[in-house]
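# What the coordinates show
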Amino acid sequence: MPIDVVIRGILSPLFIASILRISTPIILPALGGLISDLAGVINIALEGIMLVSAFAGVIVSAYTHNVWLGVLAGMVVGILYALLLALFHLYLDTDIILAGIALNIMAAGGTIFLLFILTGDKGNSSTLASGAVPTVTIPFIDSIPWLGTIFSGHNIFTYLAFIFTGLVYVFLYKTPMGVHLRAVGENPVAAESVGINVKRTQAIAIALSGFFASLGGLSLSMAYLTLFQNNMTAGRGFIALAAVFLGGRTPLGTTIASIIFGFADALANQFGSLDIPPQWVQMIPYAATVIALVIYSLRRQAKQRERLRRFQEGEIDDTKTAEAGSD
Amino acid sequence: MTPIIEMRDIVKVYPNGVVANDGVNFSVEKGEIHALVGENGAGKTTLMKILYGLERPTEGEINYKDRLLELNSPLDAIDNGIGMVHQNFMLIPSFTVAENIVLGEEKTRSGLIRQDQAVQDTESLAKEYGLRVDANAIIESINVGMRQRVEILKTLYRGAEILILDEPTAVLTPQETQELFKAIRALVDQGKTVIFITHKLREVKEISDRVTVMRAGKIVGTLKIEEVTREGLARMMVGRDVLLSVDKPPSDRGQAVLQVHDLSYVSDTGVQMLKNMSFNVYAGEILGIAGVEGNGQTELVEVLTGLREASTGAAYIDSRDILQADPRVVRMAGVAHIPEDRLTNGLALLATIDENLIVDRYFRAPIKKGFRIDQGAVKKLGNRLIEEYDIRTINGQVPVSSLSGGNMQKVIVAREFSSDPKLLIAAQPTRGIDVGATEFVRQELVVKRTEGTAVLLVSADLSEVMSLSDRIIVMYEGEITGVFPDASTVTEEELGLYMLGVQRQDVEEMEAVL
């Protein structure tokens with residue numbers, strides 16, 4: 001396909017809409033990763049949780065013929081799977097990274113194993129008639145050209161991703177639970193000394209991250225596609241973690257970073273029709289992740305130096321006022 | 001007066017068999033400032049941990065306001081109006097002052113935290129007790145003195161009537177200490193009771209109404225402050241007479257060992273920490289550096305010992321510039337270094353005493369034998385130094401982390417002194433260690449100097465600088481602002497003026513005696 005067709009594709013509102021759609025399964029687990037990371041328990045098992053939830057949603061909806069039961073099952077399975085991480089790390093003293101890796105491996109193998117048992121197929125669940133969550137048409141906006149194409153007609157997970165971005169912000173900064181969660185992540189001893197139950201708070205944070213990762217997984221298998229595929233998360237759980245750091249560990253930043261990754265992904269889709277080796281195109285989202293993280297890390301170092309400098313100068317100023325005060 | 005707290009027959013035996021408290025009777029009256037003093041390991045922190053619910057006593061009981069107090073956790077203590085300000089602050093660095101003060105007890109409206117209320121509560125509390133804080137400032141951006149005031153406000157916010165302050169002045173400058181004392185007096189005026197743990201006998205005299213002395217897990221005595229002298233207190237703490245003023249023979253000054261020329265240092269963040277410093281340290285003298293902490297002393301020591309790279313200037317030992325050398329080369333040139341932060345830079349905590357004693361010499365004879373370390377020689381050296389420097393331990397094969405602070409410092413002193421240095425750089429050599437160990441370290445410094453070693457002493461303890469040094473230079477904002485060729489004729493007040501940058505000497509005047 002000639003390049004000008006691709007460029008026209010990129011400039012169309014459909015492309016922007018596709019960015020939002022593609023970003024959804026990154027934003028949701030990233031919000032979960034953000035919560036657990038702020039609580040001081042980095043959840044590296046997002047990938048695995050997404051996978052088991054995506055699987056459970058497809059299977060349950062296929063066998064019950066009820067989409068919502070499938071969604072519910074996916075959420076429950078995701079939270080339970082996350083609580084396994086809490087159990088291993090918080091109560092059995094396993095290293096959280098190792099436990100997370102184990103859960104990811106178990107999810108990748110386990111879902112295929114169960115898929116094979118249930119369908120006889122190791123690749124995907126196309127033989128099962130699983131459900132899809134409905135799309136939402138926003139009344140007034142839908143009829144506006146461009147804006148309607150971009151913002152209306154997405155599946156509910158996409159809208160949830162943005163709604164939750166705001167809710168997570170309110171939770172983390174305005175509610176006692178969220179504030180305690182951040183306190184625990186920053187200085188657990190201090191949090192404990194004022195009566196905050198550190199382990200329980202961290203367990204809740206991990207459960208919440210499981211909830212958000214499960215939504216991410218479900219958005220893949222019950223909205224973006226309507227079947228389960230071997231390793232269908234394709235590293236999105238890890239990209240989500242990258243988005244947490246790139247977003248400066250804030251809800252809005254995390255979502256914006258996720259959209260940047262979604263953009264790279266959408267771009268790769270467009271370039272797929274060009275006459276270049278597909279391997280190069282498929283590298284785009286991952287290369288974007290690496291480049292973004294390097295830029296972020298350089299910026300952070302510069303910021304840290306700046307802050308250190310301000311702090312040192314501020315302290316000298318403060319001593320001066322203290323001296324003046326005691327004179 | 002009746003006591004508000006009475007701890008009776010407290011015994012605390014730790015699982016490893018250490019008896020930290022051995023039948024302690026300790027009582028505090030309402031509205032007093034009660035100092036609790038004792039050497040490291042005397043059991044005072046354990047006693048206070050019991051009172052704050054962090055440790056449970058093996059035996060004994062606590063009577064509080066005429067009823068028995070059962071403490072299972074600090075929360076019980078807080079509920080009963082007992083608050084503790086720990087030595088390392090319990091604050092969340094990225095939160096504001098107000099957020100830290102209300103943490104765990106946030107007031108909410110329909111589920112959301114009332115931030116304005118937190119700020120308001122903080123400000124009214126701060127005003128009530130005269131504890132100056134900025135409610136909206138982030139903890140990371142405020143200095144140590146204000147952080148401590150935040151900690152005190154935190155306990156007050158939780159309704160503390162009794163405040164336990166664990167060595168609160170250890171981290172403060174003299175000015176901040178005075179401000180803290182003012183605040184403590186204001187607290188007591190408002191009916192609060194303060195228990196003040198400290199090493200510093202001068203502060204005991206200055207601030208407290210009564211003082212309890214502990215030694216080896218027992219109470220030696222409780223006295224009214226009018227009844228005690230610093231010397232008397234010191235004797236009670238260590239069970240013998242202590243040298244508070246150091247006796248030292250007159251200095252027999254020799255050649256210049258270290259010659260520093262026009263030394264400047266700009267930090268990574270672009271702040272000029274040292275400005276054109278020039279001075280000599282001579283064999284057989286102790287050159288003391290006085291100054292409020294944070295005026296470049298740390299940087300000076302680290303630049304001289306090869307831990308940081310100087311920006312410009314030179315420092316010669318035997319006409320050899322050591323500024324461009326790495327730490328091992330500096331050491332081989334005859335420099336020994338007692339670092340300011342012994343836990344980070346002075347010792348490998350998990351390594352054994354013996355291992356810590358050989359880290360500056362494992363690579364040469366007699367420790368190195370062929371391509372291996374001669375364990376026999378290590379043990380021999382360890383035993384000799386443990387004996388010579390009176391390190392209290394079973395043997396040299398236990399990890400350094402099992403020692404008390406004073407004994408850890410002795411391990412460093414043993415290593416550094418036994419390397420037979422030409423120049424000894426001692427940074428805060430007695431910080432946070434008990435009276436007995438302090439006395440020991442100070443005496444050893446004087447002995448080394450009398451034997452002909454050049455000693456550069458950096459200390460935040462002004463009385464230490466004044467009593468040990470032969471000459472004193474004052475640093476203020478990275479510059480030398482005053483030189484006193486005869487330390488014995490200087491007064492604390494005079495030094496203070498230079499330390500605060502109120503006065504400075506002419507450059508020519510100083511050059512003559514540097």
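Residues numbered from 1 in each chain as written. Chains lettered and ligands numbered in written order. Predicted model: local features only at pLDDT ≥ 70, side-chain atom pairs only at ≥ 80, totals over all residues. Heavy atoms only, no water.

## A look at the sheet that holds strand β6 (residues 82-85) of chain B
Residue and element names in this part refer to chain B. Put simply, the test is: Here, any two strands with at least 2 DSSP bridges between them count as paired. Put simply, DSSP marks the helices as runs of H or I at least four residues long and the strands as runs of E at least two long, and each gets a number from the N terminus on. The axes used here are C-alpha line fits, helices contributing only the stretch in contact, and every angle between their N-to-C directions lies in the interval 0 to 180 degrees. Two residues form a contact once any of their heavy atoms are found within 4.5 Å.
Across the sheet, which stays open at both edges, the six strands sit in the order β6-β9-β10-β3-β11-β12 with mixed pairing between neighbours. On the outer flanks of this sheet lie β6 and β12 (218-224), each paired with one strand and no other. Looking at each pair of strands side by side, their axes are set apart by 20° on average, direction ignored. Along the sheet face, helix α5 (residues 144-157) touches β6 and β9 (162-166) and points at about 165° away from the line of β6.

## A few points about unusual backbone geometry
One can expect most non-glycine residues to show negative phi and most peptide bonds to be in trans. Defined as follows: Accessibility here uses a 1.4 Å probe with only protein chains present; expressed as a share of the type maximum, an area under 20% marks a residue as buried, one over 50% as exposed, and anything in between as partly exposed.
That bond from Ala365(B) to Pro366(B) is cis: its omega, 5°, falls within 30 degrees of zero. Counting through the fold element by element, Pro366(B) comes out in the loop between α12 (353-358) and β19 (368-369). Not every positive phi belongs to a glycine, and His65(A) is a case in point at roughly 55°. Within the fold, His65(A) resides in the loop between α3 (46-64) and α4 (67-91). The class for His65(A) is exposed, based on a relative accessible area of 67%. Backbone geometry places Lys65(B), a non-glycine residue, at a positive phi of 50°. Turning to its location among the elements, Lys65(B) is positioned in the loop between β4 (59-64) and β5 (67-69).

## Some remarks on the packing of aromatic side chains
Here is the rule we go by: Side-chain rings of Phe, Tyr and Trp (the six-membered ring for Trp) are treated as a pair once their centres are within 6.5 Å; stacked means planes under 30 degrees apart, edge-to-face means over 60, and tilted covers the remaining angles. Only when the NZ atom of a Lys or the CZ atom of an Arg is both within 6 Å of the ring centre and within 35 degrees of the ring normal do we say a charge sits over the ring.
Enumeration over the complete set of coordinates arrives at ten aromatic pairs over all chains. Taken together, Phe164(A), Phe211(A) and Phe212(A) form an aromatic cluster joined through their ring pairs. Sitting above the plane of the Phe116(A) ring, Lys122(A) keeps its charged end 5.2 Å from the centroid. The aromatic ring of Phe440(B) is capped on one face by Lys410(B), whose charged end is 5.5 Å from the ring centroid.

## Quick notes on helix α2 (residues 13-38) of chain A
All names here are of chain A. We count it as follows: By this rule, a helix spans an expected 1.5 Å times one less than how many residues it contains. One axis fitted to the seven residues ending at a residue, another fitted to the seven starting there: the angle between these axes is the bend at that residue.
The end-to-end C-alpha distance of α2 is 35 Å, a good match for the 38 Å that 26 residues give at a rise of 1.5 Å each. Along its length, α2 shows its largest kink, about 40°, at Ser23, and proline Pro25 lies within four residues downstream of that point. Most of α2 is tucked away, with 23 of its 26 residues classed as buried. Looking one or two places after α2, you find Gly40, whose phi comes out positive at around 85°.

## Section: a nonpolar patch on the surface
All names here are of chain A. Inclusion rule: The patch calculation keeps residues exceeding 30% relative accessible area without a salt bridge and links them within 9 Å when they carry like charges or within 5 Å when they are nonpolar (Val, Leu, Ile, Met, Phe, Trp, Tyr). For every accessible area listed, the method is Shrake-Rupley and the probe measures 1.4 Å; residues are considered covered only by the protein chains on display. Only one rule defines a salt bridge in this text: a Lys or Arg side-chain nitrogen within 4 Å of an Asp or Glu carboxyl oxygen.
Judged by side-chain polarity, Tyr63, Phe113, Leu114, Ile117 and Leu118 come together as a nonpolar surface patch covering roughly 520 Å² of accessible area. The element that contributes the greatest number of residues to the nonpolar patch is helix α5 (residues 96-119), accounting for four residues. The residue Leu118 is located in helix α5 in this model.

## A few points about the sheet that holds strand β24 (residues 479-484) of chain B
Residue and element names in this part refer to chain B. Spatially, six strands are ordered β18-β21-β22-β15-β23-β24 in an open sheet, and the strand pairing comes out mixed. Two strands bound the open sheet, and with one partner strand each, they are β18 (335-338) and β24. Neighbouring strand axes in the sheet, compared pairwise and without regard to direction, differ in orientation by 20° on average. Looking at chain direction, strand β21 (residues 423-427) and strand β22 (residues 454-458) are connected through five bridges and run parallel.

## Side note on the pattern of salt bridges
Residues and elements named next belong to chain B. For the coordinates displayed, the defined rule picks out 26 salt bridges over all chains. One salt bridge in this structure joins Arg308 and Glu302, with 2.7 Å as the shortest N-O distance. Taking the relative accessible area as the measure of exposure, Arg308 reaches 26% and is therefore partly exposed. The partner of Glu388 in a salt bridge is Arg384, with the nearest N and O atoms 3.2 Å apart. Residue Glu388 and its partner Arg384 are located together in helix α13 (residues 375-388), separated by four residues, close to a single helical turn. Judged by its relative accessible area of 44%, Glu388 is partly exposed. Each of Glu6, Arg8 and Glu61 takes part in one network of salt bridges that share partners.

## Side note on the packing of helix α4 (residues 115-129) of chain B against α5(B)
All names here are of chain B. Filter applied, for reference: Under this scheme an angle from 65 to 115 degrees is roughly perpendicular, one under 35 degrees roughly parallel, and one over 145 degrees roughly antiparallel; angles in between are oblique.
Running from amino to carboxyl end, α4 crosses α5 at an angle of 105°, the nearest separation of the two axes being 10 Å. Judged by the inter-axis angle, α4 sits roughly perpendicular to α5. Judged by residue contacts, Asp121, Leu125, Ala126 and Tyr129 of α4 engage Leu153, Leu156 and Tyr157 from α5.

## Concerning the packing of helix α8 (residues 156-174) of chain A against helix α9 (residues 176-186) of chain A
Residues and elements named next belong to chain A. Quick reminder of the rule: Under the scheme applied here, ten amino acids are nonpolar (Ala, Val, Leu, Ile, Met, Phe, Trp, Tyr, Cys and Pro), four are charged (Asp, Glu, Lys and Arg), and all others, including Gly, are polar.
Relative to each other, α8 and α9 sit at 70°, their axes nearing to 5 Å. The angle between α8 and α9 places the two elements in the roughly perpendicular class. For the pair formed by α8 and α9, the contact residues are Phe171, Leu172, Tyr173 and Lys174 on the first element and Pro176, Met177, Gly178, Val179, Leu181 and Arg182 on the second. Residue composition of the contact of α8 with α9, by class: seven nonpolar, one polar and two charged.

## A look at the nonpolar core
We apply this condition: Think of a nonpolar core as a cluster: buried Ala, Val, Leu, Ile, Met, Phe, Trp, Tyr and Cys residues, connected wherever their side-chain atoms sit within 4.5 Å.
Of all hydrophobic cores here, the largest spans 67 residues; its most connected members are Val71(A), Leu181(A), Phe212(A), Phe228(A) and Phe261(A). Beyond its immediate stretch of four places on either side in the chain, Phe261(A) contacts Ile26(A), Ile239(A), Ala242(A), Ala243(A), Leu246(A), Ala288(A), Thr289(A) and Ala292(A). By size, the runner-up hydrophobic cluster in this structure holds 39 residues, among which are Val257(B), Leu300(B), Ala325(B) and Ile480(B).

## Concerning the environment of Ser73(B)
Residue and element names in this part refer to chain B. Within the secondary structure, Ser73 sits in the loop between β5 and α2 (74-79). Sequence spacing of Ser73 and Gly53 is 20 residues, and the spatial spacing of their C-alpha atoms is 4.5 Å. Leave out the neighbours within four places in its chain, and Ser73 touches Tyr52 and Gly53.

## Overview of the confidence of the model for chain B
Convention followed: For every residue, the predictor assigns a confidence score, pLDDT, that lies between 0 and 100.
Model confidence for chain B is summarised by a mean pLDDT of 86, while 96% of its residues fall at 70 or above. Among the scores for the predicted complex, ipTM is 0.77 and pTM is 0.69.

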